[in-house]
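Observations on the three-dimensional arrangement
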Amino acid sequence: MNVTVIGAGLAGSECAWQLAQRGIQVTLREMKPEKKTPAHVTNDFAELCCSNSLRSDQLENAVGLLKEEMRRLDSLILACADATRVEAGGALAVDRHGFAAMVTERVKSHPNITVVPGEVTDIPEGEVVIASGPLTSDALAERLQILLGADSDLHFYDAAAPLVSAESVDMDKAWFGSRYDRGTDDYVNCPMNKEEYDAFWEALTTAQEAEVHGFEDSKVFEGCMPVEVMARRGHDTLLYGPLKSRGLDDPRTGRWPYAVVQLRRDNADGTVYNLVGFQTHLRFPEQRRVFSMIPALHDAEFLRYGVMHRNTFLNSPRLLDRYYRLKAEPRISFAGQMTGVEGYVESAASGFLVGVETARRLTGKPPIDFPQETAIGALALYISNESVTVFQPMNVNFGIIPPLDHRVKGKRNKNAELSARSLDIIDRLKGEVCQ
């Protein structure tokens, strides 16, 4: 039995690993290093093109629950993320290069996985998992367009934040602290007073943007909203978003600043930091000019500028079932962001489910059918829900998980009980899932 997995991103790597762990021979097709997309820099698998954060690690948060489910079910991506973790308060952030290198080494060294480099331009025969990502190459995208018809022609845009060297941050004008009083002091807080913020906002909203073909503000995914687009929504919008200062006491004044830009460690050595919430598609010279107006970044060394790219996704409720299989041709499955799951962990979770369920089907075992009470199951049932008429990419959230059968006072307490219910189900399923 052999399965071809196209793409060695988060979803493809996880899918290939789960198949291989269950005795399935996997041919993993990855176009790097022969060809790269505009968002890729290295030759490694599971490259994190945007943030290095996998978001909250708290069980009162749905993505924290999803991560814990995957940990308990022996996810490759979560194991590598935990092993390359950098401190980020209540979030799981990783050394992006160490993380990708570890995933690459483990996948390449698995005896049941054969890696074949080079671009895929057509859909192979036999069992196939297409995890080529939202930046699928033109040739394969055209082939999918023919296969899927108009239902494949959906897209949005997302963006990445710039990176700066730690030594170039003026710590006389910044301080280490937690993210809104949660966790340890892992963030660099860069304050601005009202006059500084007003000048920054004016420059940001009038700065020149890079040309992105077909780009419209309305096509930007909210979770990756460029900071300049967000700023144009109103003078105070950033003050309630990435520049919120609530709970961040400036040790020099003992008060909350008017605005605060936070920097999060991007590598294990702490030599590189990213600007939290500063996804952007400004022209590179404009990024340097505008972001250097933040007092602590007046002499910042930009190691990577922010970029924006088009992400293509399927009209999954019409096309896919709960196993991420193509209804019209079940030998073909999809995984990752192109299915409409949004986020690193969600992408890996889709690859996990496809790997597990495909292996079970090929070995004659009944499906697991992860229930909707679990985050893994809720995502799969959301993207395959035919009643969803206007489909858009979405992060995991408690809104797609069935409510409790009793009242609980307080949102955090309710979410904690939803997580406890889910993890109880996962623990009961583990023996079967991990066969």
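Residues numbered from 1 in each chain as written. Predicted model: local features only at pLDDT ≥ 70, side-chain atom pairs only at ≥ 80, totals over all residues. Heavy atoms only, no water.

1. Describing the sheet that holds strand β6 (residues 113–117)
- Within the open sheet, the five strands sit side by side as β6-β2-β1-β7-β16. Their pairing is parallel. In the strand order of this sheet, the two ends are held by β6 and β16 (332–334), each with one partner. Here the strands of the sheet are splayed against their neighbours by 20 degrees on average, with no regard to which way each runs.
- Where strand β1 (residues 2–6) lies against strand β7 (residues 127–130), four bridges are found, and the strand directions are parallel. Bridged to I6 within β7 is I130. (Pairing = 2+ DSSP bridges. Helix = DSSP H or I, 4+ residues; strand = E, 2+ residues; numbered from the N terminus. Axes fitted to C-alpha atoms, helices over the stretch in contact; angles between N-to-C directions.)

2. Regarding the pattern of salt bridges
- Applying the stated criterion across every chain yields a total of 22 salt bridges.
- Residue D266 pairs with R96 through a salt bridge whose shortest N-O separation is 2.6 Å. One end of the pair, D266, is in the loop between β12 (259–265) and β13 (272–275); the other, R96, is in helix α4 (residues 96–108), with 170 residues separating them in the sequence. In terms of burial, D266 and R96 fall into one category: buried. (Salt bridge = Lys/Arg side-chain N within 4 Å of Asp/Glu carboxyl O. Buried < 20%, exposed > 50% of the residue type's maximum accessible area, 1.4 Å probe, protein only.)

3. Observations concerning the packing of helix α2 (residues 62–72) against helix α11 (residues 375–383)
- One can describe the packing of α2 onto α11 by two numbers: an axis separation of 8 Å at closest approach and a directional angle of 110 degrees. Regarding the angle of α2 to α11, the classification is roughly perpendicular. When α2 is examined against α11, the residues L65, L66, E69 and M70 are found in contact with a partner set consisting of A375, I376 and L379.
- Across the contact of α2 with α11, the residue classes tally to six nonpolar, no polar and one charged. (Parallel < 35°, antiparallel > 145°, perpendicular 65-115°, else oblique. Contact = heavy atoms within 4.5 Å. Nonpolar A, V, L, I, M, F, W, Y, C, P; charged D, E, K, R; others polar.)

4. Remarks on the sheet that holds strand β3 (residues 53–56)
- Strand order across the open sheet formed by three strands is β3-β5-β4, with antiparallel pairing between neighbours. If you trace the sheet from one side to the other, it starts and ends with β3 and β4 (85–86), each paired once.
- Bridge analysis of β4 against strand β5 (residues 91–94) gives two bridges, and the strand direction is antiparallel. Each bridged residue has a counterpart across the sheet, and for V86 the counterpart in β5 is A93.
- Where α2 meets the sheet, its contacts fall on β3, β4 and β5, and the angle it forms with β3 comes to roughly 115 degrees.

5. Overview of helix α6 (residues 194–206)
- Between its first and last C-alpha, α6 extends 18 Å over 13 residues, near the 18 Å set by a 1.5 Å rise per residue.
- Of the residues making up α6, those classed as buried are Y197, F200, W201, A203, L204 and T205.
- Where α6 starts, the residue carrying a side-chain oxygen 3.2 Å from the main-chain nitrogen of E195 turns out to be N193. (Expected span 1.5 Å × (residues − 1). Polar contact = N/O pair within 3.5 Å; in protein donor to acceptor, adjacent residues only side chain to side chain.)

Read these as geometric descriptors, not functional statements.
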